[in-house]
Amino acid sequence: MNHCSRPLPCDRMRWLPLSVALLVLTPLPATAAASPWQLTPTNTEARFRGLSAVSDRVAWAGGSGGVVLRTVNGGRAWQRVDPPGASALQFRDIHAFDADRAVVLSIGEGTDSRVYRTSDGGRSWQLAFQNAEPKAFYDCLTFFDSRNGIALSDPVDGKFRILSTSDSGRSWSVLPDKGMPPALAKEAAFAASGQCLVSSGRRDAWFATGGGTRSRVFHSDDRGRTWRATESPVAASESAGIFGMAFTGKREGVAVGGDFANATGASTVALTGDGGRTWQAGPSQLGGYRSGIAVRPRSVVAVGPTGSDVSRDGGRSWTRLDGGSFDTVDCTTDGACWASGERGRIARLSYRLP
């Protein structure tokens, strides 16, 4: 279901599929060693579930209360660049192309689901899309390249809805749902980390679900026009399912999640090696529910409210990084990683991991 959707509380998370088996060590106390996460001063109490890493110096974050932050100096200082009139909105996903251009998504029923775009570092914003369908609730977005992207809404009239852009987010249109399989009862996505919908390459996208009796992963190889749904081994309920996904290419993926209503309970891991056609359950041995996951060179990083973990073997074994709370994580192809979460927490990962 939607994060902050009916009838769930506003802190609800989302899930994403990634193919990785997890073997986690007993969590270390946060004080046992210096954390590889370097917290940065944001001077806000907003909760940041939307995050986009551009480099080790440039990153953007979207959060509660309509807050959008931008740094161009590695987090030493964050500039607040909220869209005007957005203080009642919840920004749950953001995609930055560089230090100047970014697209941010707000969630919610009806007109609260919006997409804003800036091309001048947040000095001005364009309202690129405002939902007019009362039944729609947009959860997350992804871009295939600098021009083409899609956004995901929970089911409208029994099918998930896809929004598409081909001009870098300046304009959006709803795609026909003829190629979308019917949704299951109560099935929806989780807007917890901006990772319920992910892409790899120029045409492939995946989104993951929960909320009902089964969780599934949907795959498209034509930028969202047609989809195929595959059942996953991840347990689902109103508050449980897959919340985050990451793919290292067209075939290898890892999904993490659990139950956001029980953050210290069993984590969820699912793996695929065939582009999401089939999924296998991985050991539930992370340090609790995980909402975010990202790939960096030679490692995978997962985060959640009870801590973060790193895998150096594609998710087959995991080491605890830190006990601090984060909701989402994003990494660049050259290895820069950022994480964000509650009470204004945004951190940059050092390059020397344990």
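First, a word on scope: everything that follows refers to the structure included in this document. (Residues numbered from 1 in each chain as written. Predicted model: local features only at pLDDT ≥ 70, side-chain atom pairs only at ≥ 80, totals over all residues. Heavy atoms only, no water.)

## Considering the overall build of the protein
Link 1 in the chain: The helix and strand inventory of the protein stands at zero helices and 28 strands.
Link 2 in the chain: Expressed as a percentage of the 354 residues in the protein, the buried residues total 63%.
Link 3 in the chain: Put simply, 56% of the contacts in the protein that link residues at least 6 apart link residues at least 24 apart.
Link 4 in the chain: Total accessible area on the protein is roughly 13000 Å²; 48% of this is exposed by carbon and sulfur atoms. (Helix = DSSP H or I, 4+ residues; strand = E, 2+ residues; numbered from the N terminus. Buried < 20%, exposed > 50% of the residue type's maximum accessible area, 1.4 Å probe, protein only. Contact = heavy atoms within 4.5 Å. Areas by Shrake-Rupley, 256 points an atom, 1.4 Å probe, with all protein chains shown as cover.)

## Some thoughts on the sheet that holds strand β5 (residues 79–80)
Paired through their backbone hydrogen bonds, the strands of a sheet run either parallel or antiparallel.
Link 1 in the chain: Spatially, the four strands line up as an open sheet ordered β2-β3-β4-β5, and their pairing is antiparallel. Only two strands of the sheet have a single partner each, and these edge strands are β2 (48–53) and β5.
Link 2 in the chain: In terms of strand pairing, β2 meets strand β3 (residues 59–63) through five bridges, oriented antiparallel. Residue pairing across strands places Leu51 opposite Ala61, the latter belonging to β3. (Pairing = 2+ DSSP bridges.)

## Description of the environment of Arg345
Link 1 in the chain: By the element assignment, Arg345 lies in the loop between β27 (337–340) and β28 (346–349).
Link 2 in the chain: Sequence spacing of Arg345 and Pro41 is 304 residues, and the spatial spacing of their C-alpha atoms is 8.1 Å.

## What to know about the nonpolar core
Link 1 in the chain: Ranked by internal contacts, the top residues of the largest apolar core, which has 15 residues, are Ile150, Leu152, Ile162, Met180, Leu197, Phe207 and Trp227.
Link 2 in the chain: Contributions of two or more residues to this core are made by β11 (149–156), β12 (159–165) and β15 (204–208).
Link 3 in the chain: By size, the runner-up hydrophobic cluster in this structure holds 14 residues, among which are Leu105, Tyr138, Phe143 and Val156. (Core = buried A, V, L, I, M, F, W, Y, C linked by side-chain atoms within 4.5 Å.)

## Side note on the sheet that holds strand β13 (residues 173–174)
Link 1 in the chain: Pairing within the open sheet is antiparallel, and its four strands lie in the order β10-β11-β12-β13. Strands at the two margins of the open sheet, each flanked by one partner only, are β10 (138–143) and β13.
Link 2 in the chain: As paired strands, β11 and β12 are joined by six bridges and run antiparallel to one another. The residue of β12 that forms the bridge with Ala151 is Leu163.

## Side note on unusual backbone geometry
Link 1 in the chain: Positive phi values are uncommon outside glycine, yet Ser168 reaches one of about 65°.
Link 2 in the chain: Structurally, the position occupied by Ser168 is in the loop between β12 and β13.
Link 3 in the chain: Of note, the phi angle at Lys186 is positive, near 65°, even though the residue is not glycine.
Link 4 in the chain: Under the relative-accessibility criterion, Lys186 is labelled exposed at 63%.

## Points about the environment of Gly344
Link 1 in the chain: Relative to the elements of secondary structure, Gly344 occurs in the loop between β27 and β28.
Link 2 in the chain: Sequence-wise, Gly344 and Gly63 are 281 residues apart; in three dimensions their C-alpha atoms are separated by 8.7 Å.
Link 3 in the chain: Ignoring anything within four residues of it in the chain, the contact list for Gly344 reads Thr42, Thr44, Glu45, Ala46 and Phe48.

## Focus: the state of the cysteines
Link 1 in the chain: Taken as a whole and judged by the stated rule, the model has two disulfides.
Link 2 in the chain: Through a disulfide, Cys140 is tied to Cys196; the S-S separation comes to 1.8 Å. Since a negative S-S torsion denotes a left-handed disulfide, the Cys140-Cys196 link at about -100° is left-handed. Pair noted here: Cys140 is in strand β10 and Cys196 is in the loop between β13 and β14 (197–200), with a separation of 56 residues, a long-range link. (Disulfide = S-S within 2.5 Å.)

No statement about biological role is implied by the geometric values presented.
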